[in-house]
Structures are given as C-alpha cells and as structure tokens.
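# Analysis of the macromolecular model
The chain contents come next:
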Amino acid sequence: MSTIEVRLDAGVFSVDIVTKAAHRYTDAYFVEIKSSPADFIVRLTPKHAEGETSQIAEHLCNDVLDEQLRALVRSETQDIHAALIEAALREALPPQSGQGR
Amino acid sequence: MQPLEAKVHCEQWPESPLLKVAGLAEFAAGSFPTERMLLDLRDTQVRAAGPAICRLPWAGFLTDGPKHAPPDRPWIAVPQGAFKVDIGDVVELRPHTSKMALRYRRGSNNNILFTTERCNSYCLMCSQPPREVNDGWRVSQLCDLIGLIDKDAPSLTVTGGEPTLLGEGLRRIVRRCADALPRTHLHVLSNGRAFGGGIPARMFEGLHPSLTWGIPLYGDHYGLHDYIVQSAGAFSQTVRGLYALEAAKQHIEIRVVLVRPVVERLTELARFIYRNLPFVEHVALMSTEPIGLARAHYDDLWMDPADMAPVLAKAVDFLSKCSIRVSLYNLPLCVLPESLWAYSRKSISDWKQQYLPACEQCVVKERCGGFFAWVTDKWTSQSVEPVRGTSCAKH
Amino acid sequence: MKFAARHTFVGNPGYRLLPLRFRRLPWDQGRVLVTSMSGDWLIVQRNDFERAVTGQLDPSEPLFADMESRFLISADPERATLAPLLSQYRTRKDYLAEGPRLHIFVVSLRCHHTCAYCQVSRQVIGQTTFDMAESTARHAVDRLFDWPAKTLTIEFQGGEPLLRFDRVRQLTELIEQRNRTEKRTLRFVIASTLHDLTDEQLPFMRDHGFELSTSLDGPEWLHNLNRPRPERDSYRRTVNGIERGRRMLGDDAVSALTTLTRRSLEVPKEIIDEYRKLGFHSISLRPLSPYGFARKTGARHSYTIADFLKFYEAALDHLLQVNREGYFLEETYTRMLLSLLLTPFSHGYVDLRSPTGAGLGAVVYDYDGRVYPSDEARMLAAMGDHSFALGRVDESVETWISSPSMQRILGAGVAEALPTCADCAYVPLCGADPIDHYARQGDSLGHRPTSDFCRKQMRLFDTLLQRWEQGSSVDRDILESWALRATRREGVLEAA
C-alpha cells in the first residue's frame, strides 16, 4: 500500500488549517504531518488494501483551500454568531419544567 | 365606471350628515335611528305607503325633484343619470357645495373605510397618491359610518393612505366594527411598517372576531422593496411588523403588485415568504392598477401580463405546494394560461370595472374579472382576445 | 415628487458575512452547498463563493441578492433586518420550547418472539417480574404531567405491551383522568406485534384514539425469517392484526416499520412492494443499531453502514418508481431529511436534533421504575451500562435534569459545538447523538470521520440533495410531496 505525500507551503497555510483538513482523512488513512518553516508534508497511508488513492492528493489540496476559507469566515462571523444564537434562544427557551406552564 | 360622487339639488340641510337611504324594510327593521335615515320617496313601495309615513322624524327625503318632498323638510334630488344611489346605501351630503358622495353601497363587493390620505411610503405605482393633510377627523366620521352599515355586510376593507398612521384611531375603528358589525369580515390594507417599531401590534390581539391584514412585500431583499416603495428602511420595518402581527395572533395576507422589477424576482420572493413568513395565510399577486403614480412610471413598471405567465405559474405552483393559498387579482383570463384560471379572482371593484368591446365574444366572460375602467391601450396586454373555447367542459 | 433610482436604495456600500458553512458537492466538486445558521441554503460555483467570502461581490449581481435573502450575507445594517434569520432559527429549534413530548412506557419485557437482533432483551412469557408494577405506573403518570409540553405523545412499548394490556388500560385511564384538569393534547400510540389482538383490546383502543405501530419486515418469508415464533407464523399474525386494527381504528391509525437485517438488505424492492401490496403509504427503513441482542449476535447478522447505504439507494430508486406509477409511498426518515432541506420547520422525531432529543425530547419509563432519556440509554442499561440512566420514577423531574447522566448528554449534545460537526454544512439540519456515539465508539463526543452516525447522515443528505437538484421534474415533485405534506406520524419511533 503506497503512502501519498502532499507538500503544502507553510507561508500560505497555517498549521491549524492543515491539521483540520488532514483530520478528515483519519477514517480511511493513517495521517502523519511533518512541519518545517518552509512547508508541511502530509503523509497518508491507506488503512485497507482497497483504499482509494488516485485523487487523494488533489482532494486534500481542495480541503486545505476550503479550510482556509472556513477560517476566514470564522474570524469574521464568530462574534455575531454567538450574539444571534443568544438573541434567538432568549425568547425560545422553555419554562422551568415541573413548575407549571 | 360608476361615479361615487355627484352634484345634487338639496335644500334645508343645516349640516353635512351621513345618511342611510331607507325604504320600508329599513323602517320596519329598526336597525338604524330614524333621524339618520333618508327616506327614499322614489321607491314605489314607499310612495304606496301614503303621506303618513313622511311625518316620522326622518333626517330628510330622497326625491325626484323638489315638488315631491314634504314642505319644510330637508330633501335631496339626484339629477337623472348622475349617480346611482339606492335603498341601503349610505351617503354623505355636503350642502354648501351641493355634493353628495356614496360612502357605502349595499351589495357591493368592495366597500371601503377610507382612513387617511397620509402615507409613509411612496410606492412607484401608488393608486392613491398620498397628501400631507391633517385628516384625523375621518376617524369619528368612520365610526359614525360604521353605525349605518348593514349588519349583514359580508366584508369591509380598511384602506388609505396608511391606516396605521391613525395610531389609536385605527384601534378605535376596528373596535367599533367589532361592536357594531360583528359578522362583517374586516380586511386592513397596511404596509405594516408601524408595527416594526412604534405601534404595538398586540393592541389588536383579540380585538375583532374576523380581521385580516393585507400587507405588501415586493422583494426578498431590501434593495428591491425599498426602491418600489421609495422609502429607505421600509423593508426592514415591514418585515419586523409582520413578525409583530404574527406574535399578536393576527391573520396576514401578503400582497404583491406585479410591476416588472418585482416580477423579475417573483419566484425568489415566493421562496422568501415560505422560508421566513410561513404563517402567511394568503398571497395575492396583483396586476398594476394604471392610475395615480403608476402612470408616471410606465417605463420602469410595465410588463405585459402575458409575458409573466411562466414566472406566475412557478410562483403559484410553489406556494400551493407549500400550502399557502394564492390568488391572482386584476388579470383577465385571456392573458393567463388555463392552468392558472382557478387562481384568478374577480377582484376589481364593481364601480371601477369594465369589459372591453372584444370581450363580447368571450365564452368565459362571466368568470373573468375584466379590466380597470381607466385602462388605456398601453396598459393593456397585447394578448387580450376573447376565449373561444376551453379544454374543460365545465367552463 | 422626485423619484429615486434603484441604485440609491443600496445604502452603504459593502456587506458583511453572516455565520455560514459550506461543503463541496460530492457530485460536482466545482460547486458548493452553502448553509446559513438556520439551515437555509444555496448552491453556488466555488469560485463565486470564494469571491463572496473575500468581499468581492457586487450589489448589482443576482448572487448578492440570493445570498442576502438567505441570510448568508448582510448589506447596510441600517436598512437590513436579521429578524427573519432569528425567526428561522427559532422555528427550526422550536421543539425546545416545551420540553419532552414523547413519553415511552415500557409495560413489559415479555414477548412471543425470539428475534436475534432484538434490541429489547426480551424475556419469556410467564415471568411477571418483567412487567411494570402498579406503583411504578402511578408514579410514572405523576412524572408525565410534571413536564410542561402542551402535547404529550404516550407510547406503550415492550417486549409486547399487549401481554400486559391491563396495565396499558390502567395507564391510559389514569392519564386521561388526570388530564381532565391538565387539559393537554394527548396522543396514544402502541408499538406492538399486533399478534393475538383480542376483541376486548380493540374497542378500548378505538375509544381512546390509539395509533398502532407495528413491525413488518417485508414479504412473508423475510418477516418470518427475521422474527421467529415457535409457530413460525409471525407474518400471518401481523397481517391479521393490521387488518383488524384498520377495520376498528381506520387505515390512518395503523403504521408499520421494518427492521433491516443482513438478509433484508438484499431485497429492497421486495420489501417496498410488500408495503404497497398491503396498502401502506408510509414505510420506515431503519438500520439495526448496536444494542440488545443485536450486539451479542453481531457477527452473524451485522452489516456496515456502507452496506445499508447501498441498500438505501436501491430502495430510494424503487420508491421513486412506485410513486411515479401513481402510488403514494413515502419513507419516514427520508421525509424528515427532505423536510429539513426543503422547509423551514422542525420535525417531530427525537433522533436527529441539536441539542439532542435524548431527555430533552423524549423520556422512557421502564418496567422496573428506572427512567431513561432514550430507548438507546435503556438498552445500554439492559446490557449492564447505566451511564445514561436518569433516575427513578419516584424521584422528581428536577433530579433527572440535574443528574450526571443528563450533564453528560448535554455536554456532548449540541452538534454545533462538537469538533468537525461545528464546521459541517449540514449541522443546522443534523443532530447530536451522544448515546449512540458512546455505544459505538466508547465516547459520547465521538470521532466524526469514523462515526457511522455521521457517515450515514452526510451520505443521506448528499444523496437527497443530489436527487432533488439533478432529478427530473417528476422526481422532484415526488420528493417535494413527501417533504411538504403534513403528517401525523412524527414522534413514533419504535415497534416490537
């Protein structure tokens, strides 16, 4: 079973993003991440013989790009997210049970 | 088209009253004070009752001419062909200008309670252009009028201008209807903006046994809606107002005038209504009334209704699947695909409705709502033509 | 009066992002599904989405309005309102408002059958120690009304609840009597094999508006194979019970569910055709869970989620075909998922919720007086693990709510807060199942990439979204007819 290696530029991607993206593959692959100042090397080794390897590198790159967008969205919306949920639930919370309706 | 106001001959009226036109039935029923009634001496049955009946304390008499009224009593004569007024109607007489206006017509499909000329929106197609006037006096007059309307009137529409600008006055009117006309459905046309901040919608909770609100929404985002109503912030207020009305357990209808920019996003609007306002009980999709401000904005607004057919079909289909009732107003059947005919209503008020000469040959004329009396060629679809045959034997 | 042009109503230029999540479409990597905080959504080209996230959208683009109207972005805050987003969110979560609506009363563990996969760990007939005692029943009724929900669904389960019908009758009468002052809306359901229904039981059920929920695994050979009785005639008795139930209570009052064994997975069409043959308009295709005897006999009878998903695709194909032929037949879980995708509403099922339905949406009162937040928790206890038991019927509801079990559930019960779930595009529609994750993975938080629950959910959402998006208009209409049709079946979960 061949290990796939993917190199990612550490100047472009943060360790959080690479880790999150790689985490998705932990169902079917053993995942190893080696980091240096210049780059990350992500090694994916299929757990089973039938592991799908043909486009894994491309998929991982896509996932890393997606995680980067997610990080951007998170940084912009974290605060309003919490505020919105609090505002929404403030009116929707149930009465204390057992104490009448 | 039937005029609602005319010059009349009248004498001996000290003031400008609201009067109920009465015949023998009204007299016998005793539903209204005799002092508020105008005895209709044109009516053969009334005349047959003899002169004794005239001695009662009627407000006055409706006659064919001055000779027919009892001496020294107030009378009104309507010139031949000027104005249709019948027993059961309510009229307002303005003796100093010799004018009489119809305020309620028995049997009409659209009696309105006109609350104010003021409005806080300036819709591009407004059929009742607003005026900044102090017309708060209308509230009392309407409360008076409500007392003279038939108890079995099926429905009344509260309109304007913007009725919520009356504030507490609107509540008074609705309350008066609940008390005097408990069996009459009340439909209030409002932009709902005041309930988005300012007026608590809960003042209407439980106030009237059969009350609905007709509220326009023109887009699924503020840029479109605010443009149509020419008022920044209107969308936000109207939407918040809708939620306030829902929380106050009100019944809500959304009204959409089918001007071109609105039609271009109609399916998105339908989706928006379902996702965000699923409590809406009815959506009325209405062709533009070519009067008032609409005329000045023809180029921005006009779209041949026949060209709307695919979008209308999609929107109607979607809303129906979501169990939201839909109706098409002001659209003649010939411009609609037959699959949409079931949704079309005869919505144009009788006094401003007409058929075109082409309609004489049409086999579905009776089912069709026809046209506005003031329609012109450029506001008429290119596709108007009599329907010669339909695919359904029932029609 | 001067009229202003359209562009003057844009307001302050620019826009902000609202909380959103996204997922590349498995069937088209160039496009993404973008979901809002409340589960409204839009499918967009990925490069357009990237433009949107990096502030490059122009207000005159249709995409701008499309994202605005779904509350994925927001423009001028002076002119926009987020009230609809909040309203959507509340609507989606409105089951929170009233506390648990589903209350399961396990009146007996005894049963006629010896099903290998049985989740219930049933006992043989004759042993009344596995029946609910009267004192337990009375306490349970008191606890039932300590909850605030205005609508209460009372479901009788077992074993086979008909074997202790006297207890069912007593509970019903106690509940109705108490309800004279409480004035809740009550719904009674009995989950039963419907075997040996007596002439005494049926009229009682009719008089109290019972709904019957039974198990029908498929054609006769499959049903009997899955559900052995000494007499080998489970199917015949079930069909007989269905007919008698329908006659006395009406067709709408009788529903059926399958339990899928490994053998079942080989015959999706036959199972569906059987339901059509018997005149059902609703089928429930439930995969086995790792509880009860199912876990003990695992190797012989178990199958993977991948196996189930293959079965599901074939079943869905056949269901669509049946519907195309003019026979309305929906699958209940599919309907629930489609309603999540296509409507703004919450659904009545307790098993796909965030916060989790365990304890918050349902309560189980066991025959022995122990109380659980879900059937799964009860099954774990029957296997010796009491981690999720809430307490006893003679304790107060407040005790249950503040119990360590409940804390454990709540700690892992909000999907939006769980790792990996937090970023998933489907999370506004999905649920947390801490007990399931505990049972399968040994940890209530769970590990999503290897979670069967997650795999199943994502795949089902993907499949249905793809079928709806890419299907013919006929198929779209069918899927929508399932999702948009009002239903009475919510909340009915289990059958013997």
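Residues numbered from 1 in each chain as written. Chains lettered and ligands numbered in written order. Predicted model: local features only at pLDDT ≥ 70, side-chain atom pairs only at ≥ 80, totals over all residues. Heavy atoms only, no water.

Another aspect to go through is the overall build of chain C. Helix and strand counts for chain C stand at 19 helices and 16 strands. Over its C-alpha atoms chain C spans a radius of gyration of 24 Å, differing by no more than 12% from the 23 Å that the globule rule assigns to 496 residues. Counting only C-alpha atoms and orienting by the principal axes, one finds that chain C spans roughly 85 × 50 × 50 Å. Sorting the 496 residues of chain C into buried and exposed places 64% on the buried side. Sequence separation of 24 or more characterises 71% of the internal contacts of chain C that already satisfy a separation of 6 or more. Carbon together with sulfur atoms contributes 51% to the accessible area of chain C, which is approximately 18,300 Å² in total. Averaging the coordinates of the 64 positive side-chain charges in chain C and doing the same for the 66 negative ones gives two points 1 Å apart. (Helix = DSSP H or I, 4+ residues; strand = E, 2+ residues; numbered from the N terminus. Rg over C-alpha atoms; globule rule 2.2 N^0.38 Å. Buried < 20%, exposed > 50% of the residue type's maximum accessible area, 1.4 Å probe, protein only. Contact = heavy atoms within 4.5 Å. Areas by Shrake-Rupley, 256 points an atom, 1.4 Å probe, with all protein chains shown as cover. Lys, Arg positive; Asp, Glu negative; His and termini not counted. Charge placed at Lys NZ, Arg CZ, Asp CG, Glu CD.)

Before going further, it helps to spend a moment on the environment of E395 of chain C. All names here are of chain C. If you trace the backbone, E395 turns up in the loop between strand 16 (391-392) and helix 15 (397-401). Remark: the alpha-carbon pair of E395 and L479, spanning 84 residues in sequence, is separated by 45 Å. Beyond its immediate sequence surroundings of up to four residues, E395 is in contact with R143, L390 and W400. Engagement of the side chain of E395 in a polar contact is seen with the backbone nitrogen of R392, the distance being 2.9 Å. (Polar contact = N/O pair within 3.5 Å; in protein donor to acceptor, adjacent residues only side chain to side chain.)

Once that is clear, we can look at the nonpolar core. In terms of nonpolar packing, the biggest core is built from 146 residues, with L113, M125, L285 and L312 of chain B touching the most fellow members. Setting aside chain neighbours within four positions, we find L285 of chain B in contact with V256, L258, L266, L312, V316, V326, S327, L328 and Y329 of chain B. Listed in part, the 119 residues of the second largest apolar core include L144, V168, V363 and I435 of chain C. (Core = buried A, V, L, I, M, F, W, Y, C linked by side-chain atoms within 4.5 Å.)

With that settled, the discussion passes to the environment of D436 of chain C. The topology assignment puts D436 of chain C in helix 17 (residues 434-441). The spatial distance from the C-alpha of D436 of chain C to the C-alpha of E220 of chain C is 31 Å, given a sequence separation of 216 residues.

Opposite the 32 residues of chain A that make contact, chain C presents 39 residues. Scanning the region where chain A abuts chain C turns up 4 salt bridges. The closest approach of N and O atoms between K20 of chain A and D423 of chain C, which form a salt bridge, is 3.0 Å. Joining chain A to chain C, the criterion identifies 8 residue pairs in polar contact (both at pLDDT 80 or more). (Salt bridge = Lys/Arg side-chain N within 4 Å of Asp/Glu carboxyl O.)

Here we take up the pairing of strand 13 (residues 251-257) of chain B. Residue and element names in this part refer to chain B. Burial runs high along strand 13: 6 of the 7 residues are buried. Relative to strand 14 (residues 282-286), strand 13 is paired through 5 bridges, and the arrangement is parallel. Note on strand 14: the bridge partner recorded for I254 is V283. (Pairing = 2+ DSSP bridges.)

Turning to the sheet that holds strand 11 (residues 185-189) of chain B, a few remarks are in order. Residue and element names in this part refer to chain B. If you trace the 7 strands from one edge of the open sheet to the other, you get 9-10-11-12-13-14-15, paired in parallel fashion. Since the sheet does not close on itself, it has two edges, and those belong to strand 9 (112-114) and strand 15 (325-329), each with one partner. Geometrically, the sheet is characterised by an average inter-axis angle of 25° between neighbouring strands, direction not taken into account. On top of the sheet, helix 10 (residues 309-321) reaches strand 14 and strand 15; it is set at about 150° to strand 15, its chief contact. (Axes fitted to C-alpha atoms, helices over the stretch in contact; angles between N-to-C directions.)

Residues and elements named next belong to chain C. Read across the sheet, 9 strands follow the order 12-10-9-8-7-6-14-15-16 without closing on themselves; strand pairing throughout is mixed. On the outer flanks of this sheet lie strand 12 (285-287) and strand 16, each paired with one strand and no other. In the packing of helix 5 (residues 165-182) onto the sheet, the strands contacted are strand 6 (102-106), strand 7 (151-157) and strand 8 (185-191), and the crossing angle to strand 8 comes to about 175°.

Moving on: the packing of aromatic side chains. Within this structure, the stated rule accounts for 32 aromatic pairs over all chains. Taken together, a centroid distance of 5.9 Å and an interplanar angle of 85° make the contact between Y274 of chain B and F318 of chain B edge-to-face. One end of the pair, Y274 of chain B, is in helix 8 (residues 266-276); the other, F318 of chain B, is in helix 10, with 44 residues separating them in the sequence. Owing to a relative accessible area of 5%, Y274 of chain B belongs among the buried residues under this scheme. Among the residues examined, F318 of chain B registers a relative accessible area of 28% and is labelled partly exposed. Between the aromatic rings of F156 of chain C and F210 of chain C, the centroid separation amounts to 6.0 Å while the plane-to-plane angle is 10°, which identifies the pairing as stacked. Residue F156 of chain C is found in strand 7, and its partner F210 of chain C is found in the loop between helix 6 (201-207) and strand 9 (211-215); the two are separated by 54 residues along the sequence. Here the two residues F156 of chain C and F210 of chain C agree in accessibility, since each one is buried. Ring-pair connections join several aromatic residues into one group, and the members of that group are F105, W147, F156, F165, F188, F204, F210, Y365 and W400 of chain C. Of note, R476 of chain C hangs over the ring of W468 of chain C, and the distance from its end group to the ring centre comes to 4.0 Å. (Phe/Tyr/Trp six-rings, centres within 6.5 Å; stacked < 30°, edge-to-face > 60°. Lys NZ or Arg CZ within 6 Å of the ring centre and 35° of its normal.)

Before going further, it helps to spend a moment on the pattern of salt bridges. Summed over the entire model, instances satisfying the criterion amount to 79 salt bridges over all chains. Among the salt bridges present, the one from R467 of chain C reaches D317 of chain C, with a minimum N-O distance of 2.7 Å. Taken as a pair, R467 of chain C in helix 18 (residues 452-470) and D317 of chain C in helix 12 (residues 305-324) lie far apart in primary sequence, 150 residues in all. We classify D317 of chain C as partly exposed; its relative accessible area is 40%. Three or more residues joined by partner-sharing salt bridges are found here, namely E117, R118, R131, D135 and R138 of chain B.

What follows covers the interface of chain B and chain C. Facing 30 residues of chain B, the contacting portion of chain C comprises 36 residues. Area buried by chain B at its contact with chain C is led by Y222, R275 and K321 of chain B, which between them contribute 28% of it. Inspection of the chain B/chain C interface yields 5 salt bridges. The partner of D40 of chain C in a salt bridge is R271 of chain B, with the nearest N and O atoms 2.9 Å apart. At the boundary of chain B and chain C, one finds 10 residue pairs in polar contact (both at pLDDT 80 or more). Contributions of two or more residues to the side of chain B that touches chain C are made by helix 5 (222-228), helix 6 (234-247) and helix 8 of chain B. (Buried area = accessible area lost by both parts, 1.4 Å probe.)

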